[in-house]
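Okay, here's what each chain looks like letter by letter:
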Amino acid sequence: MVKDLTEGKPEVVLWKFSLPMFISVIFQQMYNIADSIIAGKFAGEEALAAVGASYPITMIFMAIAVGSNIGCSVVISQYFGAKEYKQMKTAISTTLIASFALSICLTALGLLGANAFMTAVRTPGNIFYDGSLYLKIYIGGFLFLFLYNVSTGIFQSLGDSKTPLYFLIGSSLGNIALDYLFVAVFHFGVAGVAWATFITQGIASLMAFFTLLFRLRSIESEGENEKFSLYMLKKVGYVAIPSILQQSFISIGNMLIQGLVNGYGSAVIAGYSAAIKLNTFTITSFTTLANGLSSFSAQNIGAGKQERVERGFIWATAMAVGIGIPFFLLFFFFGREMISMFLSGEEGQAFNVGIEFLKRVSPFYFVICIKLMADGVLRGGGVMTQFMAATFCDLVIRVLLAFSLSPLFGTSGIWSAWPIGWTISMVLSCLFYFKGNWKIKKR
């Protein structure tokens, strides 16, 4: 079902639109966390470290898929809000064709360069083979990952956040079941974790794609739309490329930090892997809400209703803070219990690393959620230069501080880079939001 986000109370519309997306995040992150829990509990600490060592590399590929999702979502939302359905369909078909070609090229690049990537992040020898194997299987399914993310972005552009949720729930539950079957029962180790993701993600992406094609037939437009348009590709690329760069540079920054962490050995990698999965759960929750705000903003800007965007920003920020409170309480006060989900035993260096990371980072969730909501409006309004500046500020500061502080304070210096980078970039994002260039940005 498609939905017009330009009518009704902004807070109600935004909440109803964003809630299915947030539930989707819960299930998506649930199976990501389940990968690490099952690997750590049933295959051992080194298996958890192997999955963790390859994680920032897989996130680079995920970043490209998510950036494409965001790019097509903004443009399609603006056409949908303006009720220009013929142009909207051209934007959709152009995005799907370009995404297919890009995903094939990236899959080939990833498979050929997997070992080089693992070497680049200084993966220890005792986990190198398993980490590389996991990475190759994951990249082999990149076409499915790309197709699912782009299809989800299109559904959300049409105001439908429920359909992707249904596919994700099925995929997540299936992934957890296959994780347990392949690792705990068949003892496939790290390969079992990767194949579980490959299979379930493939099924979900194909179902989402064919459902999308069926749904588009119900939207009437005047005349036959172009199947591929260079003009439309450029228009989508104007938003998608900065979004991809933003997501990719963040992942590259995380990969550089992962290389720094890898130098401290597999126990530290295991602890960091557990903590970063929990942290990613939180940040992805905020990011998903920000993506919903982008679609909401884009539709309303396309319809010339900028005042609804301002109200939406206030309510989205309030929702994000409300989401951040339980995460902060769990991670700060019950960090040991959270890390124990991933590791056997109750003591050790891996435990201490994970607990310290959560205590240093979680109090600043209320800072990063404000930044991400401001970024959501900037992106929805197509103010990509300012959007990228705020994002890269966070990235550069975090990476520089991690490398500068680690020789003095060890891993504690690395973890301290997160709060400082988030705080500075939050101030910059808010300045750009209140400057208001997004209000006059024309479709």
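To be clear, the structure that these remarks concern was listed above.
Each residue is numbered by its place in its chain's sequence as written, counting from 1. Given that this is a predicted model, residues contribute local features only at a pLDDT of at least 70 and side-chain atom pairs are listed and counted only at 80 or more, while totals for whole chains, interfaces and linings are drawn from all residues. Just so you know, side-chain values use all the structure's heavy atoms and leave hydrogens and water out.

## Here we look at the packing of helix α9 (residues 266-302) against helix α15 (residues 411-435)
Here comes step 1: In this analysis, axes come from line fits to C-alpha atoms, helices being fitted only over the stretch in contact, and the angle between any two N-to-C directions falls in the range 0 to 180 degrees. What counts as a helix is a DSSP run of H or I of at least four residues, what counts as a strand is a run of E of at least two, and both are numbered from the N terminus. Taken N-terminus to C-terminus, the directions of α9 and α15 make an angle of 15°; their axes are 13 Å apart at the nearest point. The pairing of α9 with α15 is recorded here as roughly parallel in orientation. Note on packing geometry: the crossing formed by α9 with α15 is right-handed. Two secondary-structure elements touch here, α9 through Val268, Tyr272, Ile276, Asn279 and Ile283 and α15 through Thr411, Trp415, Trp418 and Trp422.
Here comes step 2: A class-by-class count of the residues in the contact of α9 with α15 yields seven nonpolar, two polar and no charged. For this classification, under 35 degrees means roughly parallel, over 145 means roughly antiparallel, 65 to 115 means roughly perpendicular, and everything else is oblique. What makes a crossing left-handed is the near helix being turned counterclockwise from the far one by less than a right angle; a clockwise turn instead makes it right-handed. Contact criterion: two residues are considered in contact whenever any of their non-hydrogen atoms come within 4.5 Å of each other. Residue polarity is assigned by list, with Asp, Glu, Lys and Arg as charged and Ala, Val, Leu, Ile, Met, Phe, Trp, Tyr, Cys and Pro as nonpolar; anything else, Gly included, falls into the polar class.

## Some words on the environment of Ser54
Here comes step 1: Structurally, Ser54 is set in helix α2 (residues 45-81).
Here comes step 2: For the pair Ser54 and Gly40, spaced 14 residues apart in the sequence, the C-alpha separation amounts to 15 Å.
Here comes step 3: When sequence neighbours within four positions are dropped, the list of residues in contact with Ser54 reads Met118, Gly131, Tyr134 and Leu135.

## Remarks on the environment of Phe286
Here comes step 1: Residue placement: Phe286 occurs in helix α9.
Here comes step 2: Aside from chain neighbours lying at most four places away, what touches Phe286 is Ala320, Ile323, Gly324, Tyr365, Ile368, Cys369, Leu372 and Met373.

## Topic: the packing of aromatic side chains
Here comes step 1: A pair of aromatic rings is counted whenever rings of Phe, Tyr or Trp (Trp by its six-membered ring) have centres within 6.5 Å, and the orientation is called stacked for planes under 30 degrees apart, edge-to-face for over 60 and tilted otherwise. Going through the model one piece at a time under the given rule, you end up with 28 aromatic pairs.
Here comes step 2: Considering the side-chain rings of Tyr134 and Tyr138, the 6.4 Å spacing of their centres and the 25° angle between planes classify their relative orientation as stacked. Placement of both Tyr134 and Tyr138 in helix α4 (residues 125-140) is noted, with a separation of four residues, approximately one turn of the helix.
Here comes step 3: Only protein chains enter the calculation, and the probe is 1.4 Å; a residue is then buried if its accessible area is under 20% of its type maximum, exposed if over 50%, and partly exposed in between. By relative accessible area, which is 7% here, Tyr134 ends up buried.
Here comes step 4: Put simply, the rings of Phe281, Phe286, Phe327, Phe331, Tyr365 and Trp422 pair up and form one aromatic cluster.
Here comes step 5: The ring of Phe332 has Lys359 lying over it, and the distance from NZ or CZ to the ring centre is 4.5 Å. Two thresholds decide whether a charge sits over a ring: the Lys NZ or Arg CZ must be within 6 Å of the ring centre and within 35 degrees of the ring normal.

By themselves these figures say nothing about function.
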